[in-house]
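Descriptive structure summary
What follows is the residue order along each chain.
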Amino acid sequence: MTADAAHRTANARIMMTGSGAPETRLVSCRDPRPVPGRGKVVVQVEAAGVSYAEVQMLRRLHPFPPRFPFVPGYDLVGRIVAAGSDVTRWRVGDRVAAMPRHGAWQEYVETSAKTLAAVPEHLDAAVAVALVTNGVTSHEMLHRLAALGPGDTALVHGASGGVGTLLTQLAVHHGVRVLGTASPAKHDAVRALGAEPLDYRTPDLPSAVRELVPGGVQAVFDHIGGRGLDAGWAMLADGGTLVSFDSSVAGYRPGQWFRPHVPALRRTAVRWAARTFKLTSGRRQCMYYVKPGAGFDAALAALFRLVDEGVLSPRIAARHPLDDAAGAVRALLDGTTVGKHVLIP
Ligand SMILES: NC(=O)c1ccc[n+]([C@@H]2O[C@H](COP(=O)([O-])OP(=O)(O)OC[C@H]3O[C@@H](n4cnc5c(N)ncnc54)[C@H](OP(=O)(O)O)[C@@H]3O)[C@@H](O)[C@H]2O)c1
(Lines give C-alpha, C1' and ligand atoms only; values in the text may rest on other atoms or scores of the structure.)
Protein backbone atom coordinates (compact mmCIF):
# COMPACT_ATOMS: atom_id res chain seq x y z
CA MET A 1 0.00 0.00 0.00
CA THR A 2 1.30 3.50 -0.84
CA ALA A 3 1.82 6.04 1.93
CA ASP A 4 -1.08 8.09 0.51
CA ALA A 5 -3.44 5.09 0.47
CA ALA A 6 -2.38 4.19 4.02
CA HIS A 7 -3.14 7.75 5.13
CA ARG A 8 -6.57 7.62 3.50
CA THR A 9 -7.47 4.41 5.30
CA ALA A 10 -5.89 5.31 8.66
CA ASN A 11 -7.79 5.80 11.89
CA ALA A 12 -6.33 8.11 14.55
CA ARG A 13 -7.28 6.91 18.02
CA ILE A 14 -6.46 7.27 21.69
CA MET A 15 -5.55 4.21 23.73
CA MET A 16 -5.80 3.95 27.50
CA THR A 17 -2.83 1.73 28.33
CA GLY A 18 -3.30 1.26 32.08
CA SER A 19 -4.26 3.03 35.29
CA GLY A 20 -2.46 6.21 36.29
CA ALA A 21 -2.04 9.78 35.10
CA PRO A 22 -3.78 10.75 31.83
CA GLU A 23 -0.52 12.26 30.52
CA THR A 24 1.21 8.87 30.60
CA ARG A 25 -1.73 6.49 30.12
CA LEU A 26 -3.52 8.12 27.18
CA VAL A 27 -1.51 7.47 24.04
CA SER A 28 -2.20 8.59 20.44
CA CYS A 29 -1.83 5.97 17.72
CA ARG A 30 -2.99 5.17 14.18
CA ASP A 31 -4.53 1.93 12.96
CA PRO A 32 -6.41 0.88 9.85
CA ARG A 33 -10.04 2.00 9.68
CA PRO A 34 -12.59 -0.54 10.87
CA VAL A 35 -14.83 -2.42 8.43
CA PRO A 36 -18.39 -2.93 9.71
CA GLY A 37 -19.42 -6.45 10.66
CA ARG A 38 -22.95 -7.83 10.51
CA GLY A 39 -25.46 -5.51 12.19
CA LYS A 40 -22.80 -2.83 12.67
CA VAL A 41 -21.97 0.52 11.14
CA VAL A 42 -18.81 2.61 10.97
CA VAL A 43 -19.35 6.18 12.15
CA GLN A 44 -16.97 9.02 11.33
CA VAL A 45 -16.84 10.85 14.64
CA GLU A 46 -17.58 14.59 14.72
CA ALA A 47 -17.46 14.92 18.51
CA ALA A 48 -16.83 12.55 21.41
CA GLY A 49 -17.59 13.24 25.05
CA VAL A 50 -15.04 13.33 27.88
CA SER A 51 -16.68 12.05 31.02
CA TYR A 52 -16.09 11.07 34.61
CA ALA A 53 -16.20 7.44 33.45
CA GLU A 54 -12.72 7.86 31.91
CA VAL A 55 -11.44 9.30 35.19
CA GLN A 56 -12.80 6.22 36.98
CA MET A 57 -11.29 3.91 34.35
CA LEU A 58 -7.87 5.54 34.84
CA ARG A 59 -8.28 4.90 38.58
CA ARG A 60 -9.54 1.35 38.00
CA LEU A 61 -12.68 2.34 39.87
CA HIS A 62 -15.12 1.89 37.02
CA PRO A 63 -17.45 -1.14 37.04
CA PHE A 64 -16.75 -3.64 34.22
CA PRO A 65 -14.19 -1.68 32.15
CA PRO A 66 -12.60 -3.39 29.14
CA ARG A 67 -9.10 -4.81 29.56
CA PHE A 68 -6.16 -2.45 29.02
CA PRO A 69 -5.20 -1.33 26.43
CA PHE A 70 -8.47 -0.08 24.94
CA VAL A 71 -9.93 2.99 23.26
CA PRO A 72 -11.95 4.99 25.82
CA GLY A 73 -14.81 7.37 25.05
CA TYR A 74 -18.34 6.97 26.39
CA ASP A 75 -20.43 8.73 23.74
CA LEU A 76 -20.19 10.24 20.28
CA VAL A 77 -21.95 12.08 17.47
CA GLY A 78 -20.99 11.50 13.84
CA ARG A 79 -21.97 10.31 10.39
CA ILE A 80 -22.34 6.76 9.11
CA VAL A 81 -19.72 6.07 6.42
CA ALA A 82 -20.21 2.30 6.03
CA ALA A 83 -22.93 -0.19 7.01
CA GLY A 84 -22.58 -3.95 7.44
CA SER A 85 -25.07 -6.58 6.28
CA ASP A 86 -28.42 -6.71 8.10
CA VAL A 87 -28.45 -2.96 8.76
CA THR A 88 -31.84 -1.79 7.55
CA ARG A 89 -32.83 1.20 9.68
CA TRP A 90 -29.78 3.35 8.88
CA ARG A 91 -28.03 4.46 5.68
CA VAL A 92 -24.59 5.77 4.81
CA GLY A 93 -24.72 9.55 5.35
CA ASP A 94 -27.12 9.48 8.34
CA ARG A 95 -26.08 11.61 11.30
CA VAL A 96 -26.27 9.67 14.53
CA ALA A 97 -25.45 9.56 18.24
CA ALA A 98 -24.19 6.49 20.10
CA MET A 99 -23.22 5.57 23.64
CA PRO A 100 -20.77 2.64 23.26
CA ARG A 101 -19.38 3.36 26.82
CA HIS A 102 -15.85 2.96 25.43
CA GLY A 103 -14.33 3.28 21.96
CA ALA A 104 -15.52 6.78 21.01
CA TRP A 105 -12.12 8.50 21.09
CA GLN A 106 -11.13 7.77 17.50
CA GLU A 107 -11.88 9.09 14.03
CA TYR A 108 -13.85 6.02 12.90
CA VAL A 109 -15.88 3.84 15.27
CA GLU A 110 -17.49 0.51 14.50
CA THR A 111 -20.63 0.26 16.61
CA SER A 112 -23.93 -1.61 16.81
CA ALA A 113 -26.62 -0.24 14.49
CA LYS A 114 -29.30 -1.21 17.03
CA THR A 115 -28.43 1.42 19.61
CA LEU A 116 -28.03 4.50 17.40
CA ALA A 117 -30.21 7.58 17.71
CA ALA A 118 -30.82 10.21 15.02
CA VAL A 119 -29.19 13.65 15.33
CA PRO A 120 -30.62 16.71 13.52
CA GLU A 121 -28.36 18.04 10.76
CA HIS A 122 -28.28 21.62 12.04
CA LEU A 123 -27.17 20.85 15.61
CA ASP A 124 -23.58 21.62 16.63
CA ALA A 125 -21.81 18.28 17.20
CA ALA A 126 -20.32 19.28 20.58
CA VAL A 127 -23.70 20.49 21.83
CA ALA A 128 -25.34 17.28 20.62
CA VAL A 129 -22.78 15.00 22.26
CA ALA A 130 -23.13 16.86 25.57
CA LEU A 131 -26.75 15.68 25.57
CA VAL A 132 -26.18 12.01 24.82
CA THR A 133 -25.21 10.52 28.20
CA ASN A 134 -25.50 13.54 30.48
CA GLY A 135 -28.66 14.93 28.92
CA VAL A 136 -30.55 11.64 28.84
CA THR A 137 -29.46 10.96 32.44
CA SER A 138 -30.80 14.36 33.53
CA HIS A 139 -34.06 14.00 31.60
CA GLU A 140 -34.77 10.49 32.89
CA MET A 141 -33.96 11.32 36.51
CA LEU A 142 -36.04 14.49 36.51
CA HIS A 143 -39.12 13.19 34.70
CA ARG A 144 -39.23 9.41 35.14
CA LEU A 145 -37.63 8.82 38.54
CA ALA A 146 -38.40 11.96 40.55
CA ALA A 147 -41.40 13.13 38.43
CA LEU A 148 -40.92 16.75 39.47
CA GLY A 149 -43.18 19.59 38.40
CA PRO A 150 -43.94 23.26 39.02
CA GLY A 151 -43.73 24.27 42.67
CA ASP A 152 -41.38 21.43 43.65
CA THR A 153 -37.89 22.01 45.04
CA ALA A 154 -34.84 19.85 44.27
CA LEU A 155 -31.27 19.64 45.49
CA VAL A 156 -28.88 18.99 42.59
CA HIS A 157 -25.39 17.97 43.65
CA GLY A 158 -22.62 19.06 41.29
CA ALA A 159 -24.81 21.68 39.60
CA SER A 160 -21.69 23.01 37.84
CA GLY A 161 -20.83 19.66 36.19
CA GLY A 162 -21.77 18.03 32.89
CA VAL A 163 -24.91 16.38 34.31
CA GLY A 164 -25.68 19.07 36.89
CA THR A 165 -25.77 22.01 34.44
CA LEU A 166 -28.30 20.19 32.24
CA LEU A 167 -30.37 18.83 35.11
CA THR A 168 -30.58 22.32 36.63
CA GLN A 169 -31.60 23.96 33.35
CA LEU A 170 -34.27 21.30 32.73
CA ALA A 171 -35.64 21.51 36.26
CA VAL A 172 -35.78 25.32 36.26
CA HIS A 173 -37.54 25.22 32.88
CA HIS A 174 -40.21 22.97 34.42
CA GLY A 175 -40.84 25.39 37.27
CA VAL A 176 -38.76 23.55 39.87
CA ARG A 177 -36.85 25.55 42.46
CA VAL A 178 -33.26 24.24 42.42
CA LEU A 179 -30.66 24.36 45.17
CA GLY A 180 -27.42 23.48 43.39
CA THR A 181 -24.23 22.43 45.14
CA ALA A 182 -20.80 23.33 43.73
CA SER A 183 -17.46 24.67 44.95
CA PRO A 184 -17.71 28.40 45.81
CA ALA A 185 -15.72 29.49 42.72
CA LYS A 186 -18.56 28.16 40.56
CA HIS A 187 -21.48 29.67 42.47
CA ASP A 188 -21.95 32.48 39.93
CA ALA A 189 -22.19 29.88 37.15
CA VAL A 190 -24.79 27.95 39.17
CA ARG A 191 -26.74 31.16 39.79
CA ALA A 192 -26.66 31.91 36.06
CA LEU A 193 -28.45 28.60 35.46
CA GLY A 194 -31.30 29.80 37.68
CA ALA A 195 -30.38 27.83 40.82
CA GLU A 196 -29.51 28.87 44.37
CA PRO A 197 -25.90 27.80 45.01
CA LEU A 198 -24.71 25.95 48.10
CA ASP A 199 -21.22 24.70 48.94
CA TYR A 200 -21.20 20.90 49.08
CA ARG A 201 -18.61 21.17 51.86
CA THR A 202 -21.10 22.95 54.16
CA PRO A 203 -20.67 21.05 57.46
CA ASP A 204 -24.40 20.48 58.14
CA LEU A 205 -25.93 20.59 54.67
CA PRO A 206 -29.36 19.19 55.70
CA SER A 207 -29.81 22.04 58.22
CA ALA A 208 -28.69 24.61 55.62
CA VAL A 209 -31.26 23.19 53.21
CA ARG A 210 -33.99 23.08 55.87
CA GLU A 211 -33.36 26.76 56.61
CA LEU A 212 -34.11 27.54 52.97
CA VAL A 213 -36.89 24.96 52.55
CA PRO A 214 -38.35 24.14 56.01
CA GLY A 215 -40.56 21.32 54.72
CA GLY A 216 -37.70 19.62 52.87
CA VAL A 217 -37.14 19.12 49.15
CA GLN A 218 -39.09 16.85 46.81
CA ALA A 219 -35.93 15.36 45.27
CA VAL A 220 -32.19 15.05 45.84
CA PHE A 221 -29.87 14.02 42.99
CA ASP A 222 -26.63 12.54 44.34
CA HIS A 223 -23.56 11.24 42.49
CA ILE A 224 -21.20 11.09 45.48
CA GLY A 225 -22.76 8.32 47.56
CA GLY A 226 -21.50 7.13 50.97
CA ARG A 227 -22.71 9.11 53.98
CA GLY A 228 -23.90 11.88 51.65
CA LEU A 229 -26.91 9.65 51.01
CA ASP A 230 -27.90 10.01 54.67
CA ALA A 231 -27.66 13.79 54.37
CA GLY A 232 -29.76 13.60 51.20
CA TRP A 233 -32.36 11.43 52.95
CA ALA A 234 -32.55 13.93 55.82
CA MET A 235 -33.32 16.78 53.41
CA LEU A 236 -36.30 15.06 51.78
CA ALA A 237 -39.87 16.19 52.28
CA ASP A 238 -42.51 13.53 52.92
CA GLY A 239 -43.07 11.68 49.63
CA GLY A 240 -39.71 12.87 48.25
CA THR A 241 -37.24 10.90 46.12
CA LEU A 242 -33.50 10.48 46.60
CA VAL A 243 -31.87 9.53 43.28
CA SER A 244 -28.41 7.99 43.58
CA PHE A 245 -26.69 8.05 40.16
CA ASP A 246 -23.08 7.22 41.10
CA SER A 247 -20.84 6.66 44.11
CA SER A 248 -17.79 8.74 43.29
CA VAL A 249 -16.91 9.27 46.96
CA ALA A 250 -13.12 9.66 47.30
CA GLY A 251 -10.71 7.48 49.25
CA TYR A 252 -10.85 4.08 47.52
CA ARG A 253 -7.76 2.37 46.14
CA PRO A 254 -7.43 1.44 42.44
CA GLY A 255 -9.27 -1.81 41.73
CA GLN A 256 -11.76 -1.41 44.61
CA TRP A 257 -14.42 -0.52 42.06
CA PHE A 258 -17.32 -2.26 43.83
CA ARG A 259 -16.72 -0.94 47.33
CA PRO A 260 -17.93 2.66 46.85
CA HIS A 261 -21.26 1.28 45.58
CA VAL A 262 -21.93 -0.98 48.57
CA PRO A 263 -23.24 1.81 50.84
CA ALA A 264 -25.59 3.03 48.11
CA LEU A 265 -26.90 -0.47 47.39
CA ARG A 266 -27.36 -1.20 51.10
CA ARG A 267 -29.18 2.06 51.79
CA THR A 268 -31.39 1.61 48.72
CA ALA A 269 -32.39 -1.90 49.84
CA VAL A 270 -33.01 -0.91 53.48
CA ARG A 271 -35.07 2.14 52.48
CA TRP A 272 -37.04 0.13 49.94
CA ALA A 273 -37.95 -2.35 52.69
CA ALA A 274 -38.81 0.45 55.12
CA ARG A 275 -41.01 2.10 52.51
CA THR A 276 -42.79 -1.20 51.86
CA PHE A 277 -43.72 -1.24 55.56
CA LYS A 278 -44.78 2.43 55.33
CA LEU A 279 -42.01 3.61 57.64
CA THR A 280 -40.52 6.38 55.47
CA SER A 281 -43.36 8.94 55.25
CA GLY A 282 -43.51 8.15 51.56
CA ARG A 283 -39.83 8.95 50.98
CA ARG A 284 -37.91 6.61 48.68
CA GLN A 285 -34.38 6.09 47.42
CA CYS A 286 -33.63 4.75 43.95
CA MET A 287 -30.59 4.24 41.74
CA TYR A 288 -30.18 5.28 38.11
CA TYR A 289 -27.91 3.97 35.35
CA VAL A 290 -28.33 5.25 31.78
CA LYS A 291 -28.93 2.61 29.11
CA PRO A 292 -29.89 2.61 25.43
CA GLY A 293 -33.43 1.77 24.35
CA ALA A 294 -36.74 3.39 23.54
CA GLY A 295 -36.64 5.65 26.61
CA PHE A 296 -33.14 6.82 25.69
CA ASP A 297 -34.17 7.69 22.10
CA ALA A 298 -37.30 9.56 23.24
CA ALA A 299 -35.39 11.54 25.87
CA LEU A 300 -32.63 12.48 23.41
CA ALA A 301 -35.15 13.62 20.80
CA ALA A 302 -36.91 15.73 23.45
CA LEU A 303 -33.59 17.28 24.48
CA PHE A 304 -32.71 18.19 20.89
CA ARG A 305 -36.09 19.93 20.58
CA LEU A 306 -35.45 21.87 23.80
CA VAL A 307 -32.14 23.12 22.37
CA ASP A 308 -33.95 24.25 19.21
CA GLU A 309 -36.54 26.06 21.32
CA GLY A 310 -33.77 27.88 23.20
CA VAL A 311 -34.76 26.30 26.53
CA LEU A 312 -31.58 24.27 26.94
CA SER A 313 -28.07 25.42 26.13
CA PRO A 314 -25.49 22.78 27.06
CA ARG A 315 -22.37 24.35 28.54
CA ILE A 316 -19.27 23.30 26.61
CA ALA A 317 -16.24 23.72 28.88
CA ALA A 318 -13.77 23.24 25.98
CA ARG A 319 -13.36 21.58 22.58
CA HIS A 320 -10.10 19.65 22.39
CA PRO A 321 -8.39 18.02 19.41
CA LEU A 322 -8.19 14.22 19.73
CA ASP A 323 -4.47 14.43 20.51
CA ASP A 324 -5.28 16.50 23.59
CA ALA A 325 -7.38 13.80 25.28
CA ALA A 326 -4.99 13.86 28.24
CA GLY A 327 -5.42 17.65 28.57
CA ALA A 328 -9.20 17.23 28.52
CA VAL A 329 -9.15 14.60 31.29
CA ARG A 330 -6.69 16.70 33.29
CA ALA A 331 -9.07 19.68 33.06
CA LEU A 332 -11.87 17.46 34.39
CA LEU A 333 -9.64 16.24 37.22
CA ASP A 334 -8.56 19.78 38.13
CA GLY A 335 -12.22 20.75 38.46
CA THR A 336 -11.67 24.32 37.28
CA THR A 337 -14.19 24.33 34.44
CA VAL A 338 -17.97 24.37 34.11
CA GLY A 339 -19.82 22.05 31.72
CA LYS A 340 -18.71 19.37 29.26
CA HIS A 341 -15.30 18.72 27.68
CA VAL A 342 -15.52 17.45 24.12
CA LEU A 343 -12.96 15.88 21.76
CA ILE A 344 -13.13 16.88 18.10
CA PRO A 345 -11.20 14.31 15.98
N1 LIG B 1 -25.82 6.87 36.48
C2 LIG B 1 -25.60 7.28 35.24
O3 LIG B 1 -26.17 6.75 34.30
C4 LIG B 1 -24.66 8.42 35.00
C5 LIG B 1 -24.63 9.07 33.76
C6 LIG B 1 -23.76 10.15 33.60
C7 LIG B 1 -22.92 10.53 34.64
N8 LIG B 1 -22.95 9.84 35.81
C9 LIG B 1 -22.10 10.22 36.94
O10 LIG B 1 -22.45 11.54 37.29
C11 LIG B 1 -21.36 12.14 37.95
C12 LIG B 1 -21.17 13.54 37.40
O13 LIG B 1 -20.76 13.45 36.05
P14 LIG B 1 -20.36 14.77 35.28
O15 LIG B 1 -20.08 14.39 33.88
O16 LIG B 1 -21.37 15.83 35.56
O17 LIG B 1 -18.99 15.13 36.03
P18 LIG B 1 -18.26 16.53 36.14
O19 LIG B 1 -18.57 17.36 34.93
O20 LIG B 1 -16.85 16.23 36.48
O21 LIG B 1 -18.96 17.25 37.40
C22 LIG B 1 -18.77 16.80 38.70
C23 LIG B 1 -19.51 17.72 39.61
O24 LIG B 1 -19.45 17.24 40.95
C25 LIG B 1 -19.16 18.31 41.82
N26 LIG B 1 -18.56 17.78 43.04
C27 LIG B 1 -17.26 17.50 43.32
N28 LIG B 1 -17.14 17.04 44.57
C29 LIG B 1 -18.39 17.02 45.11
C30 LIG B 1 -18.93 16.66 46.38
N31 LIG B 1 -18.15 16.20 47.36
N32 LIG B 1 -20.26 16.76 46.57
C33 LIG B 1 -21.07 17.21 45.59
N34 LIG B 1 -20.63 17.58 44.37
C35 LIG B 1 -19.31 17.49 44.13
C36 LIG B 1 -18.28 19.23 41.01
O37 LIG B 1 -18.32 20.53 41.53
P38 LIG B 1 -17.00 21.49 41.48
O39 LIG B 1 -16.42 21.31 40.10
O40 LIG B 1 -17.55 22.83 41.75
O41 LIG B 1 -16.07 20.97 42.53
C42 LIG B 1 -18.96 19.15 39.64
O43 LIG B 1 -20.05 20.03 39.57
C44 LIG B 1 -20.16 11.22 37.76
O45 LIG B 1 -19.96 10.51 38.95
C46 LIG B 1 -20.60 10.30 36.63
O47 LIG B 1 -19.99 9.04 36.68
C48 LIG B 1 -23.80 8.80 36.01
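Up top is the structure.
Residues numbered from 1 in each chain as written. Predicted model: local features only at pLDDT ≥ 70, side-chain atom pairs only at ≥ 80, totals over all residues. Heavy atoms only, no water.

**Details of the pattern of salt bridges**
Summed over all chains, the structure comprises 11 salt bridges. When the shortest N-O distance is used, the salt bridge between R191 and D188 registers 2.7 Å. Residue R191 and its partner D188 are located together in helix 6 (residues 187-192), separated by three residues, close to a single helical turn. R191 sits in the partly exposed class, given a relative accessible area of 46%. (Salt bridge = Lys/Arg side-chain N within 4 Å of Asp/Glu carboxyl O. Helix = DSSP H or I, 4+ residues; strand = E, 2+ residues; numbered from the N terminus. Buried < 20%, exposed > 50% of the residue type's maximum accessible area, 1.4 Å probe, protein only.)

**Brief notes about the site of the ligand**
Near the ligand lie 26 residues; those nearest to it are S183, K186, Y200, D246 and V290. In this structure, G158 approaches the ligand through a main-chain N or O atom, which is 3.3 Å from an oxygen atom. A distance of 2.4 Å separates an oxygen atom of the ligand from a polar atom in the side chain of Y200. For the ligand, the protein covers 82% of the area, taking 930 Å² as the surface of the free molecule. Of all the secondary-structure elements, those providing two or more residues to the shell around the ligand are helix 3 (52-58), helix 4 (125-145), helix 5 (162-173) and strand 9 (177-182). No other element matches the three residues that helix 4 contributes to the shell around the ligand. (Near = heavy atom within 4 Å. Polar contact = N/O pair within 3.5 Å; in protein donor to acceptor, adjacent residues only side chain to side chain. Areas by Shrake-Rupley, 256 points an atom, 1.4 Å probe, with all protein chains shown as cover.)

**As for the nonpolar core**
The biggest cluster of nonpolar side chains holds 83 residues, and the ones touching the most others in it are W105, F221 and L300. In terms of residue count, helix 4 provides more of this core than any other element does, 11 residues in total. In terms of domain composition, this core takes at least three residues from each of domain 1 (3-119 + 315-344) and domain 2 (134-287). Not counting residues up to four positions away in its chain, the partners in contact with F221 are M141, L142, A146, L148, A154, L155, V156, H157, L167, V243 and F245. Membership of the second largest hydrophobic core comes to 14 residues, among which are V209, V220, W233 and M235. (Core = buried A, V, L, I, M, F, W, Y, C linked by side-chain atoms within 4.5 Å. Domains from an automatic or database assignment. Contact = heavy atoms within 4.5 Å.)

**What to know about the side chain of S247**
Assignment of secondary structure puts S247 in the loop between strand 12 (236-244) and helix 9 (261-276). Dropping the residues within four chain positions of it, S247 is found in contact with H223, I224, G225, P260, H261 and A264.

**Quick notes on a nonpolar patch on the surface**
Residues F258, V262, L265 and M287 make up a contiguous nonpolar surface patch of roughly 310 Å² in combined accessible area. Relative to the assigned elements, V262 resides in helix 9. (Patch = residues over 30% accessible without salt bridge, like charges linked within 9 Å, V, L, I, M, F, W, Y side chains within 5 Å.)

**Description of the pairing of strand 10 (residues 196-199)**
Two faces make up the sheet, and in a regular strand the side chains alternate between them. Direction of pairing for strand 9 relative to strand 10: parallel, over a ladder of four bridges. Bridging across to strand 10, L179 finds its partner in E196. Following the backbone out of strand 9, through helix 6 and into the adjacent parallel strand 10, one traces a crossover that is right-handed. (Pairing = 2+ DSSP bridges. Right-handed = clockwise from strand over helix to strand, strands pointing away.)

**Quick notes on the packing of aromatic side chains**
In this structure the tally under the stated criterion is three aromatic pairs. Between F64 and W257, the aromatic rings sit 5.1 Å apart at their centres with planes inclined by 55 degrees, giving tilted as the arrangement. Remark: W257 occurs in the loop between strand 12 and helix 9 and F64 occurs in the loop between helix 3 and strand 4 (76-83); sequence separation between them is 193 residues. Among the residues examined, W257 registers a relative accessible area of 26% and is labelled partly exposed. (Phe/Tyr/Trp six-rings, centres within 6.5 Å; stacked < 30°, edge-to-face > 60°.)

**Brief notes about the side chain of T241**
You can see T241 is positioned in strand 12. The buried category is assigned to T241, whose relative accessible area is 4%. Here T241 is in contact with L145, A146, Q218, A219, V220, L236, R284 and C286, once residues within four sequence places are set aside.

**Remarks on the packing of helix 4 against helix 10 (residues 294-308)**
One way to put it is that helix 4 packs onto helix 10 with a least axis distance of 9 Å and a crossing angle of 115 degrees. Of the two elements, helix 4 crosses helix 10, and the hand of that crossing is right-handed. Residues V127, A128, L131, V132, G135, V136, H139 and E140 of helix 4 pack against G295, F296, A299, L300, A302, L303, F304 and V307 of helix 10. When its residues are assigned to classes, the contact of helix 4 with helix 10 shows 12 nonpolar, three polar and one charged. (Axes fitted to C-alpha atoms, helices over the stretch in contact; angles between N-to-C directions. Left-handed = near helix turned anticlockwise from the far one by under 90°. Nonpolar A, V, L, I, M, F, W, Y, C, P; charged D, E, K, R; others polar.)

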